[in-house]
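Remarks on the overall topology
Chain residues, written in single-letter form:
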Amino acid sequence: MTTDTNRTRVVVTGLGTTSPIGGDVTSTWEGLMSGQSGVNVLKHDWAEQLGTQIAAEVAVDPTDVLDRVKARRLDRSGQLALVAALEAWADAGFGDEGDEADPERLAVALASGIGGVQTLLSNYDVLKEKGPRRVSPLAIPMLMPNGPAASIGLTIGAKAAVHTPVSACASGNEAISLGIDLIRLGRADVVVVGGTEAAVHPLPMAAFGQMRALSSRNDEPEKASRPWDKGRDGFVLGEGAAVLVLESEEHASARGARVYAEAAGAGITADSHDIAQPDPSGSGATRAMKTALRESGLEAADICHINAHATSTPLGDIAEAQAIRQALGEDAAEGLVVTSTKSMTGHLLGAAGALESMATVLALHHRVVPPTVNLDDPEDVGLDIATARRDLPTGDIAALNNSFGFGGHNVAIAFRSA
Amino acid sequence: MATKTDILTDLAAIVDEIAGVPADDVQLDKEFVGDLDVDSLSMVEIVVAAEEKFGVRIPDDQVKNLKTVGDAVDYIESAQS
């Protein structure tokens, strides 16, 4: 495995999440390893009018965890982000005696695909029913897409910068890429990165439904998200947040932090093909993976695992599989274990890259890959897809996490074992 | 007609709900900003919630005169009569 010694090494020292599988990292990881689905039939009255009546809502409601007044000043996406960030921050050891981050060297890059859509729409309902004086004065800070990032920045005292990349379902990975850049450019020593999404609401669900993007397997919710299975009929909308603490290796080692993995590099490309459909040639996705390898100083043969974007849509899953084979070459693809944790979590849109990067980091850390469930009748995509938990080799290993978004955004992040 | 005590009880519940100030601390002589640490956006929320609860209108140019909880209780009482 080659190493580019000219680049600052960036390491992952903290993880946090609240997901459809569990309210923290441990419960989420254990659920993923045991093939547990977070998809359920929606109990909201509004779901009855929709063609798709299933989604992957978070396992633990954020208002059960957060301070009541703090929670009511945040959109649900901000609540979820804060829960995940607080866990990651504590997990990294910050807040312990002697473990401090200089505020002016501390940044946040926290993404969202859609922003505070529930706040926006509920306040529009209030406006129509009761008039402008009943609209919340907190509506703007709650609905703005950078609200979750800003509230995390306020909570941990980040003064280097607070960013919110927006690139639909690639947003979470773009935030991680930005965090790596901020450290390598010398603009920060510690960056809290990740993504959040809370769009389980009738309007986004109706709109995704009109795109024919959602699975309507309402009678078998836990089987609805089935990447690469011939019976797949669209993605399952998920909600949640995941956060990683990135840190320069120098900073982490000076405070004796536990290192999960190295965030080795990223590749970002654009398809320039269609606003919603993936480029069937997969060339943009291929270039993203190749760029991530090059930037990380890795060879295709070093990659032993990919957590794929694979959302369970008819076109996307196939295009990505082809892109993986093109990016790594047929030889390297032989020793590769691919999985899609979306088969259990559903698709968290702007949080997907963050949650799946967390799963990728934990796969390297524990050297075991979570399964892809529901792969009963697989497409022949020429890849080794894990249908049960699979061990990874010992030694120096590396993995990729892919995320692609409407708009033709492709982001691959490369991680290597610590 | 609601008494001053009734108005105070209901207003204290609103301040507790919106700003997280324990209702027992919401006393007539307390200033919203200086004593109860209510910020400007929360004050707008409290005014709107009070208008709804008490069926009164509290114009923006009156809000700046409502420094203490007692000022607000007096205003609501007179606006209701």
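Residues numbered from 1 in each chain as written. Chains lettered and ligands numbered in written order. Predicted model: local features only at pLDDT ≥ 70, side-chain atom pairs only at ≥ 80, totals over all residues. Heavy atoms only, no water.

**Observations concerning the nonpolar core**
Residues and elements named next belong to chain A. Condition: What makes a nonpolar core is a set of buried Ala, Val, Leu, Ile, Met, Phe, Trp, Tyr and Cys residues whose side-chain atoms join them at distances within 4.5 Å. With a 1.4 Å probe rolled over the protein chains alone, any residue whose accessible area is under 20% of its type maximum counts as buried; one over 50% counts as exposed, and the rest are partly exposed. Helix numbering and strand numbering both begin at the N terminus, where a helix is a DSSP run of H or I of at least 4 residues and a strand a DSSP run of E of at least 2.
Judged by nonpolar contacts, the single largest core of 51 residues is most densely connected at Val12, Leu15 and Leu246. The dominant element in this core, judged by the number of residues it contributes, is helix H13 (residues 352–366), at 9 residues. Among the nonpolar cores identified, the runner-up in size contains 31 residues, and Ile324, Ala332, Val381 and Ala414 belong to it.

**Points about the pairing of strand E6 (residues 190–197) of chain A**
Residue and element names in this part refer to chain A. Stated precisely, the cut-off is as follows: Think of it this way: DSSP has to see at least two bridges between two strands before they count as a pair.
By the criterion of burial, E6 is predominantly enclosed, with 8 of the 8 residues buried. Burial along E6 is two-sided: Val190, Val192, Gly194 and Thr196 and Val191, Val193, Gly195 and Glu197, pointing in opposite directions, are all buried. Pairing of strand E4 (residues 106–112) with E6, which is carried by 7 bridges, proceeds in the parallel orientation. Bridge pairing in E6 places Leu110 opposite Gly194.

**Some words on the packing of helix H1 (residues 4–19) of chain B against helix H4 (residues 69–80) of chain B**
Residues and elements named next belong to chain B. So the rule is basically this: A fitted line through C-alpha atoms represents every axis, and for helices the fit uses only the stretch in contact; the resulting angles, taken between N-to-C directions, go from 0 to 180 degrees. For classification, angles of less than 35 degrees are called roughly parallel, those exceeding 145 degrees roughly antiparallel, those between 65 and 115 degrees roughly perpendicular, and all remaining angles oblique. A crossing counts as left-handed when the near helix is turned anticlockwise from the far one by less than a right angle, and as right-handed when that turn is clockwise. Residues are treated as being in contact if the distance between any of their heavy atoms lies within 4.5 Å.
Running from amino to carboxyl end, H1 crosses H4 at an angle of 120°, the nearest separation of the two axes being 10 Å. Classified by the interaxial angle, the pair formed by H1 and H4 is oblique. H1 and H4 meet at a crossing whose hand is right-handed. Listed contacts from H4 to Lys4, Ile7, Leu8 and Leu11 of H1 are Val69, Ala72, Val73, Asp74, Ile76, Glu77 and Gln80.

**Remarks on the sheet that holds strand E5 (residues 161–163) of chain A**
Residue and element names in this part refer to chain A. With respect to topology, 10 strands assemble into an open sheet ordered E5-E4-E6-E7-E1-E8-E14-E13-E9-E10, the strand pairing being mixed. Each having just a single partner strand, E5 and strand E10 (337–339) make up the two edges of the open sheet. Each strand of the sheet is rotated relative to its neighbour by a mean of 25°, with strand direction disregarded. In the sheet, strand E8 (residues 261–270) pairs with strand E14 (residues 409–417) via 9 bridges, with the strands oriented antiparallel. Paired with Ala266 across the strands is Ile413, a residue of E14.

**Some thoughts on the pairing of strand E1 (residues 10–18) of chain A**
A regular strand places its side chains so that they alternate between the two faces of the sheet. Residue and element names in this part refer to chain A. Of all 9 residues that make up E1, 9 are buried, and the element is covered over most of its length. Two elements, E1 and strand E7 (residues 240–248), share 8 bridges in a ladder whose sense is antiparallel. Its bridge partner lying in E7, Gly14 is registered against Val245.

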